Every structure is written in structure tokens, then in C-alpha cells.
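# Chains, contacts and geometry: an overview
Here is what each chain is made of, one letter per residue.
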Amino acid sequence: GGAAEPPPKLVLDLERLATLPSEKAGPLQRYTATIQSQRGDYNGKVLSIRQDDLRTLAVIYDQSPSVLTEQLISWGVLVADARRAVQAEES
Ligand code: C2E
Ligand code: C2E
Ligand code: C2E
């Protein structure tokens, strides 16, 4: 114990994301594909994204960032620890 841990990064599981039906995951699949293309980062199994991008995705999905985070955790795209990244933002 001791020093406070920094908030965790938002790390998306791209292999899991690719298995999800596009009816629900389509917007997120297109968004992450755009980030990969902008970075030239095509071969990763995971993708670290910006806090700002989660906010943008929440607008796209018409949900709050914390509700979207719960959905991404339930899809298996984010680990449960990602909750702390969003709480740190909203508190
Ligand atoms: P930019 O935002 O002007 O960033 C230029 C470069 O600064 C990036 O080149 C990257 O090397 C570095 N950089 C900026 N912010 C961060 C950061 O939070 N962490 C790290 N590790 N590096 C950072 P890169 O990666 O080739 O990206 C080129 C451009 O693509 C970026 O220009 C930005 O416009 C866009 N982009 C890349 N990744 C993302 C992303 O996750 N979200 C958004 N919204 N745009 C992104
Ligand atoms: P980390 O951030 O905990 O990432 C661990 C590993 O997850 C990375 O190992 C990489 O295999 C994968 N990973 C995480 N985010 C991404 C992503 O957006 N794209 C891809 N393709 N893979 C990702 P790696 O590359 O050996 O990096 C080890 C550690 O080095 C990272 O741990 C991080 O602490 C640091 N690091 C690597 N690249 C950057 C960077 O661009 N910016 C910063 N700030 N740290 C970096
Ligand atoms: P990271 O590289 O470890 O950066 C952690 C935080 O430091 C970022 O959180 C951001 O607040 C700040 N930061 C780092 N580099 C820059 C920079 O060049 N410009 C600015 N304005 N801030 C910077 P954030 O934005 O939530 O990003 C989380 C993670 O997403 C980053 O961790 C990195 O792994 C990835 N990422 C974000 N944007 C980019 C990007 O443009 N290119 C690449 N390759 N990775 C990015």
C-alpha cells in the first residue's frame, strides 16, 4: 500500500470487439478503426484510447460515459478496472 495509484488507462480488447455483432458494436468498431488508421497502429490486440474519446463515444451511443463504460465491460471489451478511470473523470 501507500501512494495512490494513478487511474487506469482505457484499454480496449480489439479481438473481443471484432466478435461482437455490428448492430451494437458497429459505431465503436468504426471509431477504433479510425484511431488505428490515424496512428498507423494496425497489429495490436488491444488499443489504449483517450478519455476524451470515451466522452465522444458516449455521445454517439446517447449514454453517459459511466453507463457506456458498464456496457463495454459487459461486452468484455473493457476490463472492470476501467470503471475507476471514468469515476476519476466524473468526480
Ligand atoms: P495529435 O493529437 O496532434 O498527436 C500527435 C502525436 O502526439 C501522436 O501521433 C502521438 O505520437 C503523440 N500523442 C498525442 N497525444 C498522446 C497521448 O495521449 N499519448 C501518447 N502516447 N502519444 C500522444 P500519432 O499517434 O501518430 O497520432 C496522429 C494523430 O492521429 C493525432 O495527432 C490525432 O489527431 C490522431 N489520433 C491518434 N490517436 C488518437 C486517439 O486515440 N484519439 C483521437 N481523438 N485522435 C487520435
Ligand atoms: P502498457 O500501456 O500497460 O501496455 C502494455 C502492452 O499493451 C503494450 O506493450 C502493448 O503490447 C499493448 N498496448 C497497449 N496499448 C496499445 C495500443 O494502443 N496499441 C497497441 N498496438 N498495443 C497496445 P508494449 O508495446 O511493449 O509497451 C509496454 C509499456 O511501454 C506500456 O505499457 C507503456 O507503459 C509503455 N509504452 C509503450 N508505448 C507507449 C507510448 O506510446 N506512450 C506511452 N506513454 N507509453 C508507452
Ligand atoms: P499515455 O501515453 O500514457 O498518456 C497518458 C495521458 O497523458 C493521456 O491520457 C493525456 O492526458 C496525457 N498525454 C500524453 N501525451 C500527450 C500529448 O502528446 N498531448 C497531450 N495533450 N496530452 C498527452 P489520455 O488522453 O486519456 O490517453 C490515454 C492513452 O491513450 C495514452 O496513454 C496512450 O496510450 C493512448 N493515446 C492517446 N492519444 C494517443 C495518440 O494520439 N497516439 C497514440 N499512439 N496513443 C494515444
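Please refer to the structure higher up on the page.
Residues numbered from 1 in each chain as written. Chains lettered and ligands numbered in written order. Predicted model: local features only at pLDDT ≥ 70, side-chain atom pairs only at ≥ 80, totals over all residues. Heavy atoms only, no water.

## What to know about the overall build of the protein chain
As a reminder of what qualifies: Think of it this way: any DSSP run of H or I at least four residues long counts as a helix, any run of E at least two long counts as a strand, and we number them from the N terminus. Put simply, the radius of gyration uses C-alpha atoms, and a globule should come to 2.2 Å times the residue count raised to 0.38. Relative accessibility under 20% of the residue-type maximum defines a buried residue, over 50% an exposed one, and the middle range a partly exposed one, all with a 1.4 Å probe and only protein chains included. Two residues qualify as a contact provided that any one of their heavy atoms is within 4.5 Å of a heavy atom in the partner residue. Per-residue and other accessible areas were derived by the Shrake-Rupley procedure at a 1.4 Å probe size, with only the shown protein chains allowed to occlude residues. The charged-residue count follows a simple rule in which Lys and Arg add positive charge and Asp and Glu add negative charge, with His and chain termini not counted at all. Just so you know, the charge point we use is NZ for Lys, CZ for Arg, CG for Asp and CD for Glu.
Assigned secondary structure in the protein chain consists of five helices and two strands. What you see in the protein chain, going N to C, is helices and strands ordered as β-α-α-β-α-α-α. Expected size for 91 residues packed as a compact globule is a radius of gyration near 12 Å; at 13 Å, the protein chain falls within 12% of this value. Along the three orthogonal principal directions, the C-alpha set of the protein chain runs to about 40 × 30 × 20 Å. By residue count, 33% of the 91 residues in the protein chain fall in the buried class. Restricting the contact set of the protein chain to residue pairs at least 6 apart, pairs at least 24 apart contribute 58%. Per element, the accessible surface of the protein chain, about 5700 Å² overall, is 50% carbon and sulfur. Side-chain charges in the protein chain split into 10 positive and 12 negative, and the spacing between the mean points of these groups amounts to 3 Å.

## Quick look at helix α4 (residues 65-75)
As a reminder of what qualifies: Arc definition: it is the arc formed by the directions from the helix axis to the C-beta atoms.
When α4 is considered as a whole, its buried residues turn out to be L68, T69, L72, I73 and W75. All buried residues of α4 project into a common sector of 160° when viewed along the axis, lining one side. Immediately beyond the C-terminal end of α4, within one or two residues, lies G76, with a positive phi of roughly 85°.

## Some points on the site of ligand 1
What counts, and what does not: A single heavy atom is enough: if one lies within 4 Å of a molecule or strand, its residue is considered near that molecule or strand. Pairing of N or O atoms within 3.5 Å defines a polar contact, subject to two protein rules: one partner must be a possible hydrogen donor and the other a possible acceptor, and residues neighboring in sequence count only if both atoms are side-chain atoms. All residues other than Ala, Val, Leu, Ile, Met, Phe, Trp, Tyr, Cys, Pro, Asp, Glu, Lys and Arg, Gly among them, are scored as polar; the first ten of these are nonpolar and the last four charged.
In the vicinity of ligand 1, the residues found are I35, Q38, R39, R50 and D53. In this structure, R50 approaches ligand 1 through a side-chain N or O atom, which is 3.0 Å from an oxygen atom. D53 is positioned with one of its side-chain polar atoms (N or O) 2.5 Å from a nitrogen atom of ligand 1. Coverage of ligand 1 by the protein chains reaches 37% of its 780 Å² of free accessible surface. No other element matches the three residues that helix α2 (residues 22-39) contributes to the shell around ligand 1. For the shell around ligand 1, a count of residues per class yields one nonpolar, one polar and three charged.

## Here's the deal with the site of ligand 2
Near ligand 2 you find K9, R39, D41, G44, V46, L47 and S48, and these make up its full shell. Within the side chain of K9, an N or O atom sits 3.3 Å from an oxygen atom of ligand 2. Notes on ligand 2: free accessible area 770 Å², of which the protein chains cover 28%. Broken down by element, the residue count for the shell around ligand 2 peaks at three residues, all from strand β2 (residues 46-49). Of the residues assigned to the shell around ligand 2, the class counts are two nonpolar, two polar and three charged.

## Structural notes on the side chain of T69
With respect to the secondary-structure elements, T69 resides in helix α4. Those residues within four positions of T69 in sequence are excluded, and the remaining contacts are L54, L78, A82, R83 and V86.

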